[in-house]
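Spelled out from the first residue to the last, the chains are:
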Amino acid sequence: MVMVLVGFAIVIAVLLAWVNHITEAPIKAKAEKTLQDGIQEVMQTQDMKVTKNDTIRQMADGKETVFVVHEVANQAGKGIGAAVESTVMGFGGDLKVLVGFDDLGKILGYTILQTSETPGLGMKADKWFQKDGKGNVIGKSPATGDLAVSKDGGDVDAITASTITSRAFLKAINQAYAAYAHKGVDGDSGASKQI
Amino acid sequence: MSKYKIILNGLIKENPTFVLLLGMCPTLATTTSALNGLSMGLATMLVLLCTNTVISCIKRITPGQVHIPVFIIVIAAFVTLLQMFMSAYAPDGINKALGIFIPLIVVNCIILGRAESFACKHTPLESLCDGVGIGLGFTFGLTLLGVVRELLGAGSVFGVVLLPETTNMLLFILPPGAFITLGYLIAIFNRFKAK
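Keep in mind that what you see is a predicted model, and the values were worked out from it rather than measured.

Draft legend 1. Main features of the overall build of chain B. Each helix and strand counted, chain B has eight helices and two strands in total. Mapped from its N terminus to its C terminus, chain B presents α and β elements in the order α-α-α-α-α-α-α-β-β-α. Relative to the 2.2 N^0.38 estimate, which gives 16 Å for 195 residues, the radius of gyration of chain B is 17 Å and therefore close to what a compact globule would have. Counting only C-alpha atoms and orienting by the principal axes, one finds that chain B spans roughly 60 × 45 × 25 Å. Buried positions account for 47% of the 195 residues belonging to chain B. In chain B, 12 positive and 7 negative side-chain charges are present, and the distance between their average locations comes to 11 Å.

Draft legend 2. Examining the overall build of chain A more closely. Within chain A one finds four helices and five strands. For chain A, the succession of helices and strands along the chain, N to C, is α-β-β-β-β-β-α-α-α. The C-alpha atoms of chain A give 21 Å as radius of gyration, which overshoots the globular expectation for 195 residues (16 Å, by more than 25%). Considered along the principal axes of its C-alpha atoms, chain A spans approximately 75 × 45 × 35 Å. Long-range contacts, defined as pairs at least 24 residues apart, comprise 48% of the intrachain contacts of chain A with a sequence gap of at least 6. In the structure as shown, chain A presents an accessible area of about 10500 Å², 57% of it carried by carbon and sulfur atoms.

Draft legend 3. Up close: the interface of chain A and chain B. Every contact between the two is made by 21 residues of chain A and, on the other side, 27 residues of chain B. Of the roughly 2000 Å² buried between chain A and chain B, counting both surfaces, carbon and sulfur atoms make up 79%. A per-residue breakdown of the area chain A buries against chain B is headed by Met1, Phe8 and Lys30 of chain A, which together make up 27% of the total. The interface formed by chain A and chain B holds zero salt bridges in total. Scanning the region where chain A abuts chain B turns up zero residue pairs in polar contact (both at pLDDT 80 or more). In terms of residue class, the side of chain A that touches chain B is built from 14 nonpolar, five polar and two charged.

Draft legend 4. Representation of the packing of aromatic side chains in the model. Residues and elements named next belong to chain B. This structure, assessed with the given rule, holds eight aromatic pairs over all chains. Aromatic pair Phe18 and Phe140: ring centres 6.4 Å apart, planes at 85°, arrangement edge-to-face. One end of the pair, Phe18, is in the loop between helix H1 (3–13) and helix H2 (24–30); the other, Phe140, is in helix H7 (residues 124–154), and 122 residues separate them in sequence. Here Phe140 falls in the partly exposed class, since its relative accessible area comes to 40%.

Draft legend 5. The arrangement of unusual backbone geometry in detail. Positive phi, close to 65°, is recorded for Ala161 of chain A, a residue that is not glycine. Topologically, Ala161 of chain A is positioned in the loop between helix H2 (125–128) and helix H3 (163–183). Overall, Ala161 of chain A belongs to the exposed group, its relative accessible area being 61%. In this structure, Leu21 of chain B is a non-glycine residue whose phi angle is positive, near 50°. Summarising the element assignment, Leu21 of chain B is placed in the loop between H1 and H2.

Draft legend 6. How the structure looks around a nonpolar patch on the surface. All names here are of chain A. On the surface, Met1, Val2, Val6, Ile10 and Val14 cluster together into a nonpolar patch covering about 450 Å² of accessible area. Within the secondary structure, Val14 sits in helix H1 (residues 2–43). With relative accessibility at 53%, the residue Val14 sits in the exposed group.

Draft legend 7. Just the UniProt feature "transmembrane region" (unreviewed entry) in chain B, in detail. All names here are of chain B. In the numbering used here, UniProt assigns the feature "transmembrane region" (unreviewed entry) to residues 39–58, 70–91, 97–115, 127–148 and 168–189. Across residues 70–91 one finds 91% helix and 0% strand; the C-alpha atoms that close the span lie 32 Å apart. Its end C-alpha atoms 25 Å apart, residues 168–189 is made of 68% helix and 0% strand.

Definitions and limits used
- Residues numbered from 1 in each chain as written.
- Chains lettered and ligands numbered in written order.
- Predicted model: local features only at pLDDT ≥ 70, side-chain atom pairs only at ≥ 80, totals over all residues.
- Heavy atoms only, no water.
- Helix = DSSP H or I, 4+ residues; strand = E, 2+ residues; numbered from the N terminus.
- Rg over C-alpha atoms; globule rule 2.2 N^0.38 Å.
- Buried < 20%, exposed > 50% of the residue type's maximum accessible area, 1.4 Å probe, protein only.
- Lys, Arg positive; Asp, Glu negative; His and termini not counted.
- Charge placed at Lys NZ, Arg CZ, Asp CG, Glu CD.
- Contact = heavy atoms within 4.5 Å.
- Areas by Shrake-Rupley, 256 points an atom, 1.4 Å probe, with all protein chains shown as cover.
- Buried area = accessible area lost by both parts, 1.4 Å probe.
- Salt bridge = Lys/Arg side-chain N within 4 Å of Asp/Glu carboxyl O.
- Polar contact = N/O pair within 3.5 Å; in protein donor to acceptor, adjacent residues only side chain to side chain.
- Nonpolar A, V, L, I, M, F, W, Y, C, P; charged D, E, K, R; others polar.
- Phe/Tyr/Trp six-rings, centres within 6.5 Å; stacked < 30°, edge-to-face > 60°.
- Patch = residues over 30% accessible without salt bridge, like charges linked within 9 Å, V, L, I, M, F, W, Y side chains within 5 Å.
- UniProt positions renumbered as here; feature names shortened; annotations may be inferred.

Given below as structure tokens:
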């Protein structure tokens, strides 16, 4: 009886280890590709390559938050901005956003990487804030002041009945910009001197 | 019992959602939209087909005392294999839609229930048919529940908008709506079955 149980456990452990071994590489390649596609989508251009990946830890609301900044340049090598991964607490759990900024901090695009918002309410965030959505944030710039929903005196329309998600989403973008700007202080000041 | 009868048995007479009331957790939690319900049903069916067949094959070499541990190992192994293969090779769309539901299948009592009550008493072929029947029954139940909830709560079916936004009853997308809808559907199902 014990032998049967142990036998099954061993056979299945070997099987799982083997499958894990052969699927490991494709899974990793796929995750990499998904991220690349995401960066391409939020930067709104095909003519790009990621030049640098930085993981930045910053204090936000008394909690250490991790941001990943993917600096992006066009094929000619000129820096065109960065795509930033930013995580905040949404209504139902972590809300992870990938947002693309041009070199002046203007929002080029965004995509939601991870969400557990309420279906039919906060879940609408993936379309709502896009260019043709009701709360369009594309083209706005956190560089000229934090984005905020109209209820808080800002100029972004919140998702109907999902103010918490909307606030969280904008916070993710504001923090992403803070991480990006903080990161690129030298580059930015250099650029402004030239102008 | 003929193969056809076994399939029909799972689909109607012992429908897991409306008659056996098994697997209520995924039933209530994942049916916020028709597509989610359908996806969960199909993923469960795929695992059920594999486990039913394998368990039926190994029933003779498994002593009674370790039935359940062995079955659970087999079920968990299949779910893990499915998850690894899907994240490695399945198209992105399918993987995204199904991905989050797959780990839930391990704890789905339909799988263990059918292993104990059917597969370990019947031939592999009959068990496969039972997997088809119960799997289809579960998929049918979840899809129906998803269609009703999505229609009443978000005004659409499979993402196609049918009703104007003003008629949306948000309650049906939230957890209480799942219980209410399920209750009514069971009542309707019983009414038709009684005839």
